[in-house]
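# Remarks on the overall topology
The lines below spell out each chain.
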Amino acid sequence: MLRATLKSLLARKVRLLLSGLAVVLGVMFVAGSFVLTDTLSRSFDSIFSDAYSQTDVTVAGKPKVEVSELDGESVPAPVPASAVDTVAALPGVAQARGMVAADGATLIGSNGKAVGSFGPPQLGENWLGENALTQLREGRGPTADDEIVINKGLAEAGKVAVGDRVGVLTLDAKQRTFTIVGTFGYSGDRDSLGGVNEIAFTDPVAQQLMLGRTGLFTSIDVKGTDGTDPATLKERVAAALGADYNVRTGEEAAADDAQGLKDGLGFFNNILLGFAGIALFVGIFLIINTFSIVVAQRTRELALLRAVGASRRQVIGSVLTEAVVIGVVASVIGTAAGIGVGALLANLAARFADGLSLAGIGVPPVALIASFAVGLIVTIVAAVTPALRASRIPPIAAMQDVATPDRPLTKITTLGAIVSAAAGALLGIGLYADGGLMLVAGGVLLAFVGVALLTPVLSRPVVGLLGRLFSWSVPGKLGRLNSGRNPRRTAITAAALMVGIALVTGVGVIASSAKTSIAGSIDSMDAQLIIQGTQTGPRPPTFDPTVVERAKAVPGVRDAVGVASDLAKVDGEQQFVTSVTDAAVIPAIYGSTAVAGDITRQGPDQAIVNAETATERGWAVGSVLTVQLTRGEEHRYTVSGIAPTDKSIGEIMLPAAAMADFAQPTLSLGFVRLDEGTPVASVQPQVEALVADNPLVSVIDQATFTQQQSDMLDQVLVMIQILLALAILIAVLGIVNTLALSVMERTRELGLLRAIGLGRAATMRMITVEAVVISVFGALLGVVVGGGLGAAVVRALRDQGFTDLTLPWSTIGIYLAVAALVGCVAAILPSIRAARLNVLGAIAHE
Amino acid sequence: MTASDPVAARADDVWKVYGSGEAEVIALRGVSVTFQRGVFTAIMGPSGSGKSTLMHCLAGLDSVTRGEVRIGETTVTGLGDAGLTRLRRDKVGFIFQQFNLLPTLSAKENILLPLAIAGRKPDDAWFDTVIRTVGLQDRLEHRPAQLSGGQQQRVACARALVARPEVIFADEPTGNLDSRSGADVLGFLRDSVRQHGQTIVMVTHDPVAASYADRVIFLADGAVVDELHDPSPDMVLDRMKKLDAPAEVER
Ligand SMILES: Nc1ncnc2c1ncn2[C@@H]1O[C@H](COP(=O)(O)OP(=O)(O)OP(=O)(O)O)[C@@H](O)[C@H]1O
Ligand SMILES: [Mg+2]
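Values in this document were obtained by computation on a predicted structure and should not be read as measured data.

### Let's talk about the site of ligand 1
All names here are of chain B. If you check the shell around ligand 1, you find 13 residues, and the closest are Ser 47, Lys 51, Ser 52, Thr 53 and His 205. Contact distances for ligand 1 include 3.0 Å between an oxygen atom and a backbone N or O atom of Gly 50. In the model, an oxygen atom of ligand 1 is placed 2.7 Å from a nitrogen or oxygen of the Lys 51 side chain. Within the complex, 60% of the 630 Å² of free accessible area of ligand 1 lies under protein.

Next comes the structure, spelled out in structure tokens:
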């Protein structure tokens, strides 16, 4: 039996190749993501172990606010100079040095533009001199307050050289000018450690600029005397300093710091795997279809097997064996391809964040296990239904010229209705009763299955209607009839395309609704100018609070307000807080009224919270909140007002004084209200002049602000579309596959048509129409389902500021047009095959 | 095509060789034969004698190794795919042993398909005549799956007739039918020749079927060996026996 199976498998290798290809692509994605993230994470390991290679023990203050990995980095409390002295005096300590190193130092390059970074921090630090790791490449270390050294990579990126006078932006948001007196690099001829940009000042300058005050350090770098065990030293230092400090050996610190990045990578990996999952989900449709068609075509062969004594179980086994073989072969190829893709992407990433030296391409066992498990499971699951159907073929079918009767669609339709209803319920709970993301995702998945099950019933009328468009020509009409003749096959092929199109449409609906909602809320704001930075690194650029004060003095300006934001610990939980220079201006800008209490005034110990946060955390006017900011001590604030959620700034708005204890004690956003009737253009240049010294910060009008926000959304949208393109590509393979199999199945029919005079071009047109009808049908389904899902999400998020539901008609139109194009492309090979058919051979074909 | 030209199709010294070297099979060895307009010709011969091959070559479904084939005034030999397609569309009709119809189309649509493909308008009167001749008046909207084998074959005949081609080629059109339905089909094939001047070339194994023809050509081993006019089943059977005998002696 096994031999018979393998023989028949080999005989139909081309047929199965395409279904295998879907698995290959999916598995490739899975393996690729694992290889990419593993390679990157080991590269991070090596960076950090390098960075701490000269450190036996490192001491930092405990962060006052522990920030979760996804929201950013926790800012450790600064270490006073006295602690450095304490440590230096301990026995076994050869050297203890206070280090300043904080993210947020931006170099202004020779072209006047800020040198940005994609991910790696931009460190401002004190110069500690050379060691085995850090090496001066040119010049010397800084000795005067207006001197700096920078790492070679940064010098190259900014096209600056030793001796140049350059601008530097730091946390205090004022541009200062320094002379570059040297450049440095790292052992092994590296120009940076993992793409990090570094600007090193003298101690007091670094302290003032990066920590806000002299006499403070970020950490203490301890080197033990020869023969002192770092672990012992750590105990000793910890004992001497007490509980407020975080004391770690160099190794521990390297592992901790790397872990932080790895957690971020893990999250990234999960996103990639999510997209791989979608692609494989679509792949299942494709494989089900292939196996179903193959089983239908093998009816006689399988019946013959039954007739000569094979049991049902053996027939099922035979089909499943095929699935296993395909699954294994596809997994092998997919894993190999995935390793290649992962390596390629890792290299790209390394080039992007130049200076990141890859720690060699690694294939973690989990990549292999996941790839094979996924490849096999997907193929086998998909083959089960066709296998069962194969086992029900009666032996008598071997003797008959079987015209497979149209099986009634009632069962599948009922099932589809039930599944769709369940999906609706799940989505309802997930979206409206805050059931969480998993419920929503499950609901979406179920919805796809439900709609896919309903598709055969829908296909008759819809395909008929679509086909009408092409019925003016004979090939068109034949194509339409062909696409309608096997509703299950058409349906499953179309459903595969539906999934991808539905997801992009759904995301598109959410994005376009977000855009119009944002545009609407910006439009309705009584703030004609917005002061805002262009983010080039992990933290938003900031500007000095005096900018707002000076803006108020500009003629024609009625009012101005600045906003600083940070993450804080409020009643023990992480919360997004803001501090505004003048709370009264906010409701005036938004034209909002308090949900409760007073939001037009704010005392020094009062907090204004938004309605959603208040409900979530059970706060009311009069509640007392204990707030721990990044710096300083805990402080109590009394809730004095509750603002409407979509017309508030941040979850919790603290008074202006709180800003001093923020990680960035400067403004990241400003609103300027003009006097009625003052033209924006007449005021804008004067406000712009106020931030002229900071190339990262700009003054923009409402239209530009809206545009920026929607550009950002567009970028996200494009990324999602690119990732979903894989799912759509697999669906296209599905169409190719279905058509190719259909062409083979209808060889004799095609021969007949050719014999009675259908030309080659007309034959190709016939196949193309069939493909286009199927793909447009799939896209229509996708657009409807995706539009519905997107609308449901938008409606559910109405309280979060999704005030408008906008359908992106032009994008939807593009999707449909693309689907038609996709149909044409998918038809190319099958139609060429059909046109090449030898007429005589086709007629004699059995 | 001129009405005065009495020849609907002809083969001139046609050779057909399959394969080469050891596997070489000479299916036709210098066949020359002329099919007169308005004549019903049957081709007979033992299995493997080259009947189907000859028909395929005549109809432009297969190329000849040597020699020339003409349909009406068109030289089939040397035509490219487009030319052959046009030839089949405009000058030739086919009836196969089985699988003659498209399952997605109704009987009527199947019948009108060649005209639709050619973009020609059906002649309503002629269509009615054909339908009446084949007796399908109340089956026109049925799909092939809802028709019996005999009915399907009648639809196939109607399809071949309705376009009024120069020649209709039929390869064992009654091979899959019982004698009753076979007789029906043969009957109106003959009628279409007698009443409407249609030219038909039919390959068959059945002496009774052959007796419906005006003329029978006998093939053996790739060559025309005999010919009969206005045959009766007995005459045909008689000739066939003679043809088979030497073949058996050879073995
Ligand atoms: N495609 C081919 N390749 C090789 N040889 C072929 C091919 N087609 C036919 N033949 C050979 O050519 C000869 C004639 O075949 P043909 O099909 O014309 O016979 P036939 O008279 O129609 O027989 P039957 O009555 O069995 O249908 C046979 O010997 C056959 O084996
Ligand atoms: Mg034959």
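### Considering the environment of Ile 735 of chain A
Residues and elements named next belong to chain A. Within the element layout of this structure, Ile 735 appears in helix H19 (residues 702-745). C-alpha of Ile 735 to C-alpha of Val 822: the two residues are 87 residues apart in sequence and 9.0 Å apart in space. Sequence-distant contacts of Ile 735, defined by excluding residues within four places in its chain, comprise Thr 493, Leu 497, Ala 771, Ser 775, Val 822 and Ala 826.

### Observations concerning the interface of chain B and chain A
Residue-level contacts link 23 residues of chain B with 21 residues of chain A. When chain B packs against chain A, close to 2,100 Å² is buried across both sides, 69% of that on carbon and sulfur atoms. Here chain B and chain A share one salt bridge between them. Salt-bridge contacts for Glu 109 of chain B lead to Lys 477 of chain A; the nearest nitrogen and oxygen are separated by 2.7 Å. Where chain B meets chain A, there are four residue pairs in polar contact (both at pLDDT 80 or more). Residue assignment for the side of chain B that touches chain A shows that the elements contributing at least two residues are helix H2 (81-91) and helix H3 (107-118) of chain B.

### Regarding the packing of aromatic side chains
Under the criterion given, the structure shown has six aromatic pairs over all chains. A cation over an aromatic ring shows up here: Arg 164 of chain B above the ring of Trp 126 of chain B, its NZ or CZ 4.5 Å from the ring centre.

### Thoughts on the side chain of Asp 171 of chain B
All names here are of chain B. Relative to the elements of secondary structure, Asp 171 occurs in strand S7 (residues 167-171). Despite its burial, Asp 171 pairs with no opposite charge, the nearest such side chain being Lys 51 at 7.4 Å. Not counting residues up to four positions away in its chain, the partners in contact with Asp 171 are Ser 52, Met 55, His 56, Ile 95, Phe 96, Gln 97 and Val 203.

### Some remarks on the domain arrangement of chain A
Residues and elements named next belong to chain A. The domain boundaries assigned to chain A delineate domain 1 (1-54 + 250-402), domain 2 (55-249), domain 3 (459-526 + 701-846) and domain 4 (544-690). Placing a centre on the C-alpha atoms of domain 3 and another on those of domain 4 gives a separation of 48 Å. Surface buried jointly by domain 3 and domain 4 totals about 770 Å² across both partners, of which 53% is contributed by carbon and sulfur atoms. Here domain 3 is connected to domain 4 by one salt bridge. Arg 673 is the partner of Asp 526 in a salt bridge, and the nearest nitrogen-oxygen pair spans 3.1 Å.

Each value, and the rule that gives it
- Residues numbered from 1 in each chain as written.
- Chains lettered and ligands numbered in written order.
- Predicted model: local features only at pLDDT ≥ 70, side-chain atom pairs only at ≥ 80, totals over all residues.
- Heavy atoms only, no water.
- Near = heavy atom within 4 Å.
- Polar contact = N/O pair within 3.5 Å; in protein donor to acceptor, adjacent residues only side chain to side chain.
- Areas by Shrake-Rupley, 256 points an atom, 1.4 Å probe, with all protein chains shown as cover.
- Helix = DSSP H or I, 4+ residues; strand = E, 2+ residues; numbered from the N terminus.
- Contact = heavy atoms within 4.5 Å.
- Buried area = accessible area lost by both parts, 1.4 Å probe.
- Salt bridge = Lys/Arg side-chain N within 4 Å of Asp/Glu carboxyl O.
- Phe/Tyr/Trp six-rings, centres within 6.5 Å; stacked < 30°, edge-to-face > 60°.
- Lys NZ or Arg CZ within 6 Å of the ring centre and 35° of its normal.
- Buried < 20%, exposed > 50% of the residue type's maximum accessible area, 1.4 Å probe, protein only.
- Lys, Arg positive; Asp, Glu negative; His and termini not counted.
- Domains from an automatic or database assignment.

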